[in-house]
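Survey of secondary and tertiary structure
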Amino acid sequence: MRSVWELANPQLKDQIVYEPGKPIEETARELGIAPEDIVKLASNENPLGPSPLAVVAMREAVGNVHLYPDGSGYYLREAIAKRVGVARENVILGNGSNEIIEFLAHAFLNRGDTAVVSQYAFIAYKIAATLFDAAVIETPSPDYRHHLNAMLRGVTSNTRLILIANPNNPTGTLIPQREIDDFMNQVPEHVVTVFDEAYYEFLDQPPDVLQYVRMGRNVVVVRTFSKIHGLAGVRVGYAMAPAPIIEVLQKAREPFNVSSIAQAGALAALQDKEHQRRTKETVDAGRAYLEKEFKHLGVEFIPGAANFVMVRVGDGRRTFQEMLARKVIVRPLAGYGLTEWVRISVGTMEQNERCISALKEVLKTNPTT
Ligand SMILES: *Cc1c(COP(=O)(O)O)cnc(C)c1O
C-alpha cells in the first residue's frame, strides 16, 4: 500500500512538533496524586489566574453561544486600537497570537522564500515557515540574545519575513530601543519585520516599535491575551500593522477564528488594570526571588525581562524528570538545542518557594553540576 506521505505536502514530513508544557492533569494521573498538589511552572501562564472581569464577561457571553461570533471583531479591535493609539484598520485578531504567526507565513512565504530568525528564538516561527515550505535562516546567538546585525546579514533577495521575539521565549532576553532603531534604519523594503511582544506588559521600559507601524513601515507588532491577562485557554492574540498589511493578513483568516467567549473575555481583560498591575507586581517579586536563589545555588541563569527565567542545570531532561517527581513541572529545552537548561515560569511566592526547594534537592543529587 502506498504511504499517505506520497500524497501529502512533503514539507510536513519533517515538520517539528511543538512540545507544550506538560499538563497538570496528565502529571497528576501519572503520579497518582491530586492536581491541586502540582505546581506548574512550564508554560508562562498567569500565576494569579484569569482577569476576574474577564471571567464575569465570559460567563455572560455563554448564554449567546448559539450565535456565530462577530467575525470582524469590531469592538475588541476598536478597544485595542484606542488603547495603543492606532486605528481599527491597523488591528487583526487571532486564535492566539500563534495563529497570527501562521497568517504571516501564509501571506508572505512560499517555497524558495526565506524567513530569518535568531537561534533560540520562539520555535513557533520555524514551524509556521515550514508549513509553507519556506527555508528558515537561523542566525547565531552565542550569548543567548538576539543579534539584529547578524539577522540583517541573513537577509537575501528571497527573504520575506524577519521574526523577532522581544523579549524572547525561552531565553527571556530583551533587545533595547537603540538596537531596534539601528536595525530599522537598515532593514530592506522587501522584508516584513515581525516584533512578537507576548510579554510586553511585563516590561518596565518597553521599547517602542509601534512608531514604525504608524510611519507605515513593513512592521507587524504581535501581542497576546495569554500571558498578563491570564486568558491562554480561550486563545486570543492580536497584531498591529499598517492597514495594507492588515488587509493582506485578513485574507488568510478564517471568518470566525476568535470565539465570542474569547472576544468578550479579552475586551473585559483589557479594562482590568488592577489584574494587570497585580500580575506584574507578583512576577517582579517572584522573578527577583528566583534569581536571588539561583545565585545562592551557584547556578547560571539568564536575567529575564518576562515572566520566566532560563536556568543552566546541567542535564535539563533529568532535572525536568526529577522536579516532576517532586510535583513541580518546569520546561526542558532540548527542542531548542538547550539541553543543559530548563525554563522556569514565575509563579506565586508559594509556588516559587516549592520550586526552589525541589531544585535544591535535585541539584544535590545531580553529579554534573
Ligand atoms: C507565549 C507566547 C506567545 C503567545 O502565544 P498565544 O498563541 O497567544 O497563546 C507568542 N509568542 C511568544 C514568544 C510566546 O512566548
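Predicted, not measured: the structure shown is a model, and the values here were computed from it. (Residues numbered from 1 in each chain as written. Predicted model: local features only at pLDDT ≥ 70, side-chain atom pairs only at ≥ 80, totals over all residues. Heavy atoms only, no water.)

**Some details on the packing of helix 2 (residues 52-62) against helix 10 (residues 260-271)**
- Remark: helix 2 packs on helix 10, axes separated minimally by 8 Å, with the N-to-C direction vectors making an angle of 150°. In terms of axis orientation, helix 2 runs roughly antiparallel to helix 10. For the pair helix 2 and helix 10, the crossing hand works out as right-handed. Touching Leu53, Ala54, Ala57, Met58, Ala61 and Val62 of helix 2 are Ser260, Ile261, Ala264, Gly265, Ala268, Ala269 and Gln271, all from helix 10.
- Split into classes, the residues belonging to the contact of helix 2 with helix 10 amount to 10 nonpolar, 3 polar and no charged. (Axes fitted to C-alpha atoms, helices over the stretch in contact; angles between N-to-C directions. Helix = DSSP H or I, 4+ residues; strand = E, 2+ residues; numbered from the N terminus. Parallel < 35°, antiparallel > 145°, perpendicular 65-115°, else oblique. Left-handed = near helix turned anticlockwise from the far one by under 90°. Contact = heavy atoms within 4.5 Å. Nonpolar A, V, L, I, M, F, W, Y, C, P; charged D, E, K, R; others polar.)

**Quick notes on the sheet that holds strand 12 (residues 331-332)**
- The antiparallel open sheet is built from 4 strands, whose spatial order is 9-10-13-12. Of all strands in the sheet, those bounded by a partner on one side alone are strand 9 (301-302) and strand 12.
- Bridge analysis of strand 12 against strand 13 (residues 341-345) gives 2 bridges, and the strand direction is antiparallel. Residue pairing in the sheet places Arg331 in a bridge with Arg343 of strand 13. (Pairing = 2+ DSSP bridges.)

**Notes on the pairing of strand 13**
- Taken across its 5 residues, strand 13 has 5 buried, putting it largely inside the fold.
- Residues Trp341, Arg343 and Ser345 point to one face of strand 13 and Val342 and Ile344 to the other, with burial holding for every one of them.
- As paired elements, strand 10 (residues 308-312) and strand 13 share 5 bridges and run antiparallel to each other. Residue pairing for strand 13: Val309 is matched across the bridge by Ile344. (Buried < 20%, exposed > 50% of the residue type's maximum accessible area, 1.4 Å probe, protein only.)

**Regarding unusual backbone geometry**
- Cis rather than trans, the peptide bond between Asn166 and Pro167 has omega equal to -5°.
- Mapped onto the secondary structure, Pro167 falls in the loop between strand 5 (159-165) and helix 7 (177-186).
- Across the junction of Asn169 and Pro170, the peptide omega takes the value 20°, indicating a cis bond.
- With respect to the secondary-structure elements, Pro170 resides in the loop between strand 5 and helix 7.

**Observations regarding the site of the ligand**
- Residues in close proximity to the ligand include Gly96, Ser97, Asn98, Phe122, Asn169, Asp196, Ala198, Tyr199, Thr224, Ser226, Lys227 and Arg235, which together make up its full environment.
- For the ligand, an oxygen atom lies 2.7 Å from a polar atom in the side chain of Ser97.
- At 2.7 Å, a side-chain N or O of Asn169 approaches an oxygen atom of the ligand.
- For the ligand, whose accessible area on its own is 390 Å², the fraction buried by protein is 93%.
- Among the residues making up the shell around the ligand, the classes are represented as 3 nonpolar, 6 polar and 3 charged. (Near = heavy atom within 4 Å. Polar contact = N/O pair within 3.5 Å; in protein donor to acceptor, adjacent residues only side chain to side chain. Areas by Shrake-Rupley, 256 points an atom, 1.4 Å probe, with all protein chains shown as cover.)

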